[in-house]
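# Tertiary structure, described
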Amino acid sequence: MFKKIGSKLLSSYIILIFLCAAIISIISSFTLNKYIKKSIERRLIDSARLISFHIEPMISSRKSYTDIKPVVDRLSSKINARVTIIDRKGTVVGDSDVSVEAIPYIENHKDRPEIKEAFMGRIGSKIRFSNTVKLNMLYVAVPIINKNGEIIGVSRVSLDLKEIKEFLSLIQKLIVTGALLTAFIFFLIGYLIAKSITKPIKEIIQKSIEYSKGNFNVRVSLDSEDEIGILGKTFNEMASKVQKLIQDIKIEKEQQEAVLNNMVEGVIAVDESERITMINESIEKLFRINAKEAIGKELIEVMRSPELIELMTTVKNKKEIHSKEIFFYFPEEKIFHVNAVPMGNKLFSGVLAVFFDITEIRMLERRRVEFTSNVSHELKTPLTVIKGAVDTLLEGNEESREVQKNFILKIKEQSERLSNLIEDVLELSKIESKKIKFEIKKISIKEIIEDAINYIKPKAERKKILIKIDVPEDIPEVPGDREKLLQVLLNLLDNSVKFIDEDGRVDIRCRVKENFLETEVEDNGIGIPEKDIPRIFERFYRVDRARSRDSGGTGLGLAIAKHIIEAHNGNIRAESKLGKGSKFIFTLPLRN
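The model shown is predicted, which means the values in this text are computed figures rather than measured ones. (Residues numbered from 1 in each chain as written. Predicted model: local features only at pLDDT ≥ 70, side-chain atom pairs only at ≥ 80, totals over all residues. Heavy atoms only, no water.)

## Focus: the sheet that holds strand β3 (residues 124-129)
In a beta sheet, neighbouring strands pair by backbone hydrogen bonds and run either parallel or antiparallel. With antiparallel pairing, the five strands of this open sheet are ordered in space as β2-β1-β5-β4-β3. In the strand order of this sheet, the two ends are held by β2 (92-95) and β3, each with one partner. On average, each strand axis in the sheet is tilted by 20 degrees relative to the strand beside it, whichever way the strands run. Taken strand by strand, helix α2 (residues 65-79) contacts β1 (82-87), β2 and β5 (151-160), and its axis lies near 40 degrees from that of β2. (Pairing = 2+ DSSP bridges. Helix = DSSP H or I, 4+ residues; strand = E, 2+ residues; numbered from the N terminus. Axes fitted to C-alpha atoms, helices over the stretch in contact; angles between N-to-C directions. Contact = heavy atoms within 4.5 Å.)

Next comes the structure, spelled out in structure tokens:
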């Protein structure tokens, strides 16, 4: 009874084993066939791309087939496949399976299906009969692209289908053999054999899934020398190459981003529908734009400049480089010279605009024009007075001696004014051009203030102006040019006295603030309108032109003071309220 049941069980197991073996054989054969073909095709694609990269300089420099042939043979031996190089005309300039003498006689390959695909910028793959080597081959072709993005040829890699079929046949035989052995050998042995066969395949499949999800760090841990081991090594090599390629692309992208983000000029790129695709950090700072929020939006939503939109649209429509000066009012008034260029060599992909901030240049040009106009005006007034006085004297009329004396005094006064103006212009020019040498020594600011007050005291007393000093006894000395700093204080005090009515007051205070010595000159005079404060340190700028000229000023005192303080690595500023007085503050570093 037992034997009979055992036989049935054994027969059932044998049938089950045969069925499982047959199913496993069929599934494994189909899976492996598909996987191996794809793997081989991917390997050929990778090889073709690598060969394209190595061959591109030779094709670009139009090397002859005699120069290309040795390189093709070497690359063919490395990848163990036939390598063919075709130039842009379809002419074969290198073939590893054809002698160098026979290459010129190979027929033109431009009409080959895989070559056509490659010349269209795609990967060409085809299984067909080769007229050259008279074999059925698996062909993979990729374009050879130069540095300008142009397709200058095709790199084609091919394998004999006979070898591939033999390889697949060998795998199938192994599977069938394993199934038969499993059927005739002990169930446990059969199970262990099946497990030993399926385990590496499962690992490869599992790693392939991870690889397809973007994890390029995965590797197959197979040490065997059989076909599966070779497959695993091929997989690892492919993963390493792809990982390196992606790392290179990532590094190149980071380098491009670093260059763009460290540019002083702003850069914006838009696509063909004028949606923003890229913004560098300079644009973010200049226009207070958040790049993450701006990407993907239309340009008009972010920049709101009709002139910029018009420029970008013109470049998009005409596919030509255009430039334009554009005035922006937000977030602050600035003038930009914008260069816009179309992106893409053959296929238009958008517009790239570079923003050059020329606000300072235009401001300097305007100030230069103003300076010329002001100098002319300042020279004209005293010269007119002198000329009128001289003409009157030359007429020979018998005026009284007192009248003649008044004319001569006017000539003297205006001559002195001209002399002061010229001296101030020359002084300012020397300071700005850094031709003047400063004698830097440790000096007492308190002593300079006292000397300046002694100079200005007679003028202040005539207007009954009180000058008060608030300087601590232990105020530290500072490095500086004594005469130049005295000139600064004289200019500030002279301005205060000029623009204070009688019975006014001037306060001078000093104090240490962090690593600087801060000096204030404050008066209770007529004050300065708020709109004029930013410009009072400009050359020839006067708040009250008539009163300033009547008082004998040249309009250069504050400009000279500003340049002297800045030459000492300090800064100067003004605070004022109209009708309540003005305060000038300058700071000097305590260390040189």
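## Examining the packing of aromatic side chains
Summed over all chains, the structure comprises eight aromatic pairs. Ring geometry for F287 and F355: centres 5.9 Å apart, planes at 70 degrees, overall edge-to-face. Of this pair, F287 sits in helix α7 (residues 281-287) while F355 sits in strand β10 (residues 350-357), and the two are 68 residues apart along the sequence. In terms of burial, F287 and F355 fall into one category: buried. Linked through ring pairs, F287, F328, F336 and F355 together constitute an aromatic cluster. The cationic tip of K110 hangs over the ring face of F119; the distance from NZ or CZ to the ring centre is 6.0 Å. (Phe/Tyr/Trp six-rings, centres within 6.5 Å; stacked < 30°, edge-to-face > 60°. Buried < 20%, exposed > 50% of the residue type's maximum accessible area, 1.4 Å probe, protein only. Lys NZ or Arg CZ within 6 Å of the ring centre and 35° of its normal.)

## So, the pairing of β1
With six of six residues buried, β1 is to be regarded as a mostly interior element. Residues R82, T84 and I86 of β1 are buried on one face, and the alternating residues V83, I85 and D87, pointing to the opposite face, are buried as well. Note that β1 and β5 share six bridges and pair antiparallel. Residue pairing for β5: I86 is matched across the bridge by V154. The antiparallel hairpin formed by β1 and β2 contains four residues in its connecting segment, where G90 sits at a positive phi of about 95 degrees.

## Topic: the confidence of the model for the protein
Low pLDDT means the predicted coordinates in that region are not meant to be read closely. When pLDDT is averaged along the protein, the result is 80, and 79% of the positions lie at 70 or above. Counting contacts from residues 1-10, a segment whose pLDDT is below 50, to residues more than four positions away or on other chains yields zero contacts. Across residues 546-552 the pLDDT falls below 50, and counting only partners more than four positions away or on other chains, this stretch makes 13 contacts in the model. (pLDDT = per-residue confidence, 0-100.)

## Here we look at the environment of V497
Mapped onto the elements, V497 comes out in helix α14 (residues 482-498). It is 8.3 Å that separates the C-alpha atoms of V497 and I456, two residues lying 41 residues apart in sequence. Ignoring anything within four residues of it in the chain, the contact list for V497 reads I456, K459, A460, K463 and I465.

## Description of a nonpolar patch on the surface
Together, L19, I23 and I27 make up a nonpolar patch on the protein surface, roughly 290 Å² of accessible area in all. In this structure, L19 sits in helix α1 (residues 2-60). Judged by its relative accessible area of 49%, L19 falls in the partly exposed class. (Patch = residues over 30% accessible without salt bridge, like charges linked within 9 Å, V, L, I, M, F, W, Y side chains within 5 Å. Areas by Shrake-Rupley, 256 points an atom, 1.4 Å probe, with all protein chains shown as cover. Salt bridge = Lys/Arg side-chain N within 4 Å of Asp/Glu carboxyl O.)

## Some remarks on the sheet that holds strand β7 (residues 276-279)
Taken in spatial order, the five strands of this open sheet run β7-β6-β10-β9-β8, and their pairing is antiparallel. Of all the strands in the sheet, the pair left with one neighbour each is β7 and β8 (322-328). Strand-to-strand twist in this sheet, taken as the mean axis angle between neighbours without regard to direction, amounts to 25 degrees. Pairing of strand β6 (residues 266-270) with β10, which is carried by five bridges, proceeds in the antiparallel orientation. Bridged to V267 within β10 is V354.

## A word on the pairing of β5
In terms of burial, β5 is a largely internal element, nine of the 10 residues being buried. One ladder, built from nine bridges, connects strand β4 (residues 136-145) with β5; its direction is antiparallel. Directly across from P143, in β5, lies its bridge partner V154. Connecting the antiparallel pair β4 and β5 is a turn made up of five residues, with G149 showing a positive phi of about 85 degrees.

## So, the packing of α14 against helix α16 (residues 557-567)
Across the interface, α14 lies against α16 with an axial gap of 9 Å and an inter-helix angle of 145 degrees. Of the two elements, α14 crosses α16, and the hand of that crossing is left-handed. Residue-level inspection shows K484, L485, Q487, V488, N491, L492 and N495 of α14 in contact with α16, the latter providing G557, L558, I560, A561, I564 and I565. A per-class count over the contact of α14 with α16 returns eight nonpolar, four polar and one charged. (Left-handed = near helix turned anticlockwise from the far one by under 90°. Nonpolar A, V, L, I, M, F, W, Y, C, P; charged D, E, K, R; others polar.)

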